[in-house]
Amino acid sequence: MKKIGLFFGTFNPIHVGHLIIANHIAEYGGLDEIWLVITPHNPHKQKSSLLPDYHRLEMAFLATESYEKIKPSDVEFSLPQPNYTTRTLIHLSEKFPNHEFTLIMGEDNLNTLNKWKNYQTILSDYQIVVYPRLTSTTIPEELVGHPNIRKVDAPIVEISSTFIRNSIKEGKNIRPMLNKKVWEYIDHNLFYR
């Protein structure tokens, strides 16, 4: 049974913070691989600044090509929209019966898990690995000490894709926050300007 961690995000763009967390969980989280699941469109985010799916997937491939255990996934591109995490989990479990899937999320997302569609099913059928965030949040009481939720002591990285997009728009040098090939791809295509 192969253990796969699913790290969902718009990755708009993918940055070193994503890679640090994914790599840490791949190396220390007891998982065989981390799949970066690029979400086509998050209903909670404005669509205007969201690059087309293909470009975000391409940047994820560029960013992870030297990481053996981290693989981009476009699985949600072919699922009906709006999509929910629960549907993706069911789809992957059926498609890959020899894989065991674990959800990876920031502590801030755990705070709102009880608002997710079919969250009780996710909680009972899947492991959840939670990485720390700087902003302290109140975890719902039913989730504290839950047997399927495991916190990892990953580095706290407070870099956001929003900050990167805004900085590019303002002409700031944010190259240290991006994989070199990702920066070149963004620069070449004049994204986020």
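Residues numbered from 1 in each chain as written. Predicted model: local features only at pLDDT ≥ 70, side-chain atom pairs only at ≥ 80, totals over all residues. Heavy atoms only, no water.

With an unreviewed UniProt entry as reference, the protein is termed Probable nicotinate-nucleotide adenylyltransferase, source organism Avrilella dinanensis. Its UniProt record, at the heading Catalytic activity (unreviewed entry), says of the protein: "nicotinate beta-D-ribonucleotide + ATP + H(+) = deamido-NAD(+) + diphosphate". (UniProt positions renumbered as here; feature names shortened; annotations may be inferred.)

What about the nonpolar core?
Formed by 34 residues in total, the largest nonpolar core has its most connected members in F7, I14, I25 and I34. Those elements that place two or more of their residues in this core are α1 (16–28), β2 (33–38), α2 (53–64), β5 (127–131), α6 (161–169) and α7 (180–189). Beyond its immediate sequence surroundings of up to four residues, F7 is in contact with H18, I21, A22, I34, W35, L36, V37, I104 and Y131. Residues W35, F101, Y126 and L143 belong to the second largest nonpolar core, which totals 22 residues. (Core = buried A, V, L, I, M, F, W, Y, C linked by side-chain atoms within 4.5 Å. Buried < 20%, exposed > 50% of the residue type's maximum accessible area, 1.4 Å probe, protein only. Helix = DSSP H or I, 4+ residues; strand = E, 2+ residues; numbered from the N terminus. Contact = heavy atoms within 4.5 Å.)

A few points about the pairing of strand β1 (residues 2–9)
Within β1, six of the eight residues are buried, which leaves it mostly tucked inside the rest of the structure. Bridge count between β1 and β2: six bridges; the pairing is parallel. Residue pairing for β2: F7 is matched across the bridge by L36. A crossover connection joins β1 to the parallel β2 through α1; in handedness this β-α-β unit is right-handed. (Pairing = 2+ DSSP bridges. Right-handed = clockwise from strand over helix to strand, strands pointing away.)

Examining the pattern of salt bridges
Applying the stated criterion across every chain yields a total of eight salt bridges. Note that K69 is salt-bridged to E27, the shortest N-O span being 3.5 Å. Of this pair, K69 sits in the loop between α2 and β3 (70–73) while E27 sits in helix α1, and the two are 42 residues apart along the sequence. The exposure class assigned to E27 is partly exposed, which follows from its relative accessible area of 44%. Note that E65 and K181 form a salt bridge whose closest N and O atoms lie 2.3 Å from each other. Residue E65 is located in the loop between α2 and β3, and its partner K181 is located in helix α7; the two are separated by 116 residues in the primary sequence. For K181, a relative accessible area of 42% gives the class partly exposed. (Salt bridge = Lys/Arg side-chain N within 4 Å of Asp/Glu carboxyl O.)

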